[in-house]
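Here is how the chains run, residue by residue.
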Amino acid sequence: MSKGRRNQSNQRLRKVIDERERRIRLLLERGLIQDASEIPDDSIPVDPDLVLPTNACIPAVCYMDIEFRCADCGKPDFWSAGSQQHYYEILKASPYKRPKRCYECRQKELARKQQARADSGHEAT
């Protein structure tokens, strides 16, 4: 990871840590948790304002590191809580999506798709 991306990631994580109490208060107010102790110290509480469309339910109240095995190469990997927070709250991805490939295999798959588009005459996007 480049120094610039690492600094951005660290700044984002510091902001989330600073917002922890506000996020827990929102979860309590909305009845999504009964007590702050339900959110582990090493996790990032969900911000319901950022992940909940009107009248929807959320599958989890906090982001925790998730271990998984890459579907392509079989290598064990993990998805960090900070990456999940960015994916769901900033990029607005479906809360039901989970990773299935490690970083290297995701890059290979992206390159394969770009090559297939180029081979078929479509412009790169």
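Residues numbered from 1 in each chain as written. Predicted model: local features only at pLDDT ≥ 70, side-chain atom pairs only at ≥ 80, totals over all residues. Heavy atoms only, no water.

Undergrad: Before we move on, can you summarise the overall build of the chain with the specific residues and values?
TA: Helix and strand content of the chain: five helices and four strands. When its helices and strands are written in sequence order, the chain yields α-α-β-α-β-β-β-α-α. By the burial criterion, 26% of the 125 residues in the chain qualify as buried. Pairs at least 24 residues apart make up 38% of the contacts formed inside the chain by residues separated by at least 6 positions. For the chain, the computed accessible surface area is about 9000 Å², with 50% contributed by carbon and sulfur atoms. (Helix = DSSP H or I, 4+ residues; strand = E, 2+ residues; numbered from the N terminus. Buried < 20%, exposed > 50% of the residue type's maximum accessible area, 1.4 Å probe, protein only. Contact = heavy atoms within 4.5 Å. Areas by Shrake-Rupley, 256 points an atom, 1.4 Å probe, with all protein chains shown as cover.)

Undergrad: I'd like a rundown of the pattern of salt bridges, residues and numbers included.
TA: Following the criterion strictly, the structure yields nine salt bridges and no others. One salt bridge in this structure joins Glu 19 and Arg 23, with 3.4 Å as the shortest N-O distance. Taking relative accessible area as the criterion, Arg 23 reaches 1% and is therefore assigned buried. When the shortest N-O distance is used, the salt bridge between Arg 23 and Glu 89 registers 2.8 Å. Of this pair, Arg 23 sits in helix H2 (residues 20-29) while Glu 89 sits in helix H4 (residues 81-90); the two residues are 66 residues apart in sequence, bridging distant segments of the chain. Taken together, the shared-partner salt bridges in this structure form one network comprising Glu 19, Arg 22, Arg 23, Asp 47 and Glu 89. (Salt bridge = Lys/Arg side-chain N within 4 Å of Asp/Glu carboxyl O.)

Undergrad: Talk me through the environment of Ala 71; I want residue IDs and the actual numbers.
TA: Tracing the chain through its elements places Ala 71 in the loop between strand S3 (66-69) and strand S4 (76-79). Under the relative-accessibility criterion, Ala 71 is labelled exposed at 54%. Distance from Ala 71 to Pro 99, taken between C-alpha atoms, is 9.3 Å for residues 28 residues apart in sequence.

Undergrad: Talk me through the nonpolar core; I want residue IDs and the actual numbers.
TA: One broad rule of soluble globular proteins: the nonpolar side chains tend to lie buried together. The biggest cluster of nonpolar side chains holds 16 residues, and the ones touching the most others in it are Ile 33, Ile 39, Val 51, Val 61, Tyr 63 and Tyr 88. Elements that contribute at least two residues to this core include exactly H2, strand S2 (62-63) and H4. Apart from residues lying up to four places away in sequence, Tyr 88 is in contact with Val 51, Tyr 63, Trp 79, Ala 93, Ser 94, Pro 95, Lys 97 and Arg 98. (Core = buried A, V, L, I, M, F, W, Y, C linked by side-chain atoms within 4.5 Å.)

Undergrad: Before we move on, can you summarise the environment of Arg 23 with the specific residues and values?
TA: In this structure the C-alpha to C-alpha distance between Arg 23 and Pro 48, which are 25 residues apart in sequence, comes to 7.7 Å. A polar contact is formed between the side chain of Arg 23 and the side chain of Glu 89, at a distance of 2.8 Å. (Polar contact = N/O pair within 3.5 Å; in protein donor to acceptor, adjacent residues only side chain to side chain.)

Undergrad: So, the pairing of S3: which residues are in play, and what are the values?
TA: Strand direction decides the pairing type here: S3 and S4, joined by four bridges, are antiparallel. Across the sheet, the residue bridging to Ile 66 is Trp 79, located in S4. Between the end of S3 and the start of S4, which pair antiparallel, lie six residues, with Gly 74 showing a positive phi angle near 80°. (Pairing = 2+ DSSP bridges.)

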